[in-house]
Amino acid sequence: MSADFDKQKMMETLTDPDVSSILVELEEGGKNSTYLADKLQLSVDQIKNRLSYLIKYNFVLVLQTDEGEFLQADLNKLNKIMENDDNFTSVIDGLTELDQFLN
């Protein structure tokens, strides 16, 4: 995984609600950009703009095929950054502790 990106900016991007909703769509594999635009009620340019930082560092790939433009998340890279982020781990631990307290 390339360490050239700003870790803080990457985490802010990944936790942005708009970006998260797009990434949820990409969890099951690549999706045609037109399909995503229709489903999310955004333009293709808006989707690519929101994902631009992820695209820049190949966390999301833009693929050209005979059927059109596809967006595909590199789930291995995304999982690694989430697993290796100390702040994210602390948040998960805190939520787990809160959940245990409430139950």
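This one's a predicted model, so the numbers in the text were calculated from it and none came from an experiment.

Colleague: Run through the packing of helix α1 (residues 7-15) against helix α6 (residues 75-84), naming residues and quoting values.
Modeller: Two elements in contact, α1 and α6, have axes separated by 11 Å at closest approach and are oriented at 110°. As the angle between them shows, α1 and α6 are arranged roughly perpendicular. Here α1 and α6 pass one another in a crossing that is left-handed. Contact residues: α1 offers Lys 7, Met 10, Met 11 and Leu 14, while α6 offers Leu 78, Ile 81, Met 82 and Asn 84. Considered class by class, the residues forming the contact of α1 with α6 number 6 nonpolar, 1 polar and 1 charged.

Colleague: I'd love a proper account of the pairing of strand β3 (residues 68-73), names of residues and values included.
Modeller: When strand β1 (residues 31-32) meets β3, the two strands line up antiparallel, connected through 2 bridges. Its bridge partner being in β3, Lys 31 is matched across the sheet by Leu 71. Where strand β2 (residues 60-65) lies against β3, 6 bridges are found, and the strand directions are antiparallel. Across the sheet, residue Val 62 finds its bridge partner in β3, namely Leu 71. Connecting β2 to the next strand, β3, in antiparallel fashion are 2 residues.

About the criteria used
Residues numbered from 1 in each chain as written. Predicted model: local features only at pLDDT ≥ 70, side-chain atom pairs only at ≥ 80, totals over all residues. Heavy atoms only, no water. Axes fitted to C-alpha atoms, helices over the stretch in contact; angles between N-to-C directions. Helix = DSSP H or I, 4+ residues; strand = E, 2+ residues; numbered from the N terminus. Parallel < 35°, antiparallel > 145°, perpendicular 65-115°, else oblique. Left-handed = near helix turned anticlockwise from the far one by under 90°. Contact = heavy atoms within 4.5 Å. Nonpolar A, V, L, I, M, F, W, Y, C, P; charged D, E, K, R; others polar. Pairing = 2+ DSSP bridges.

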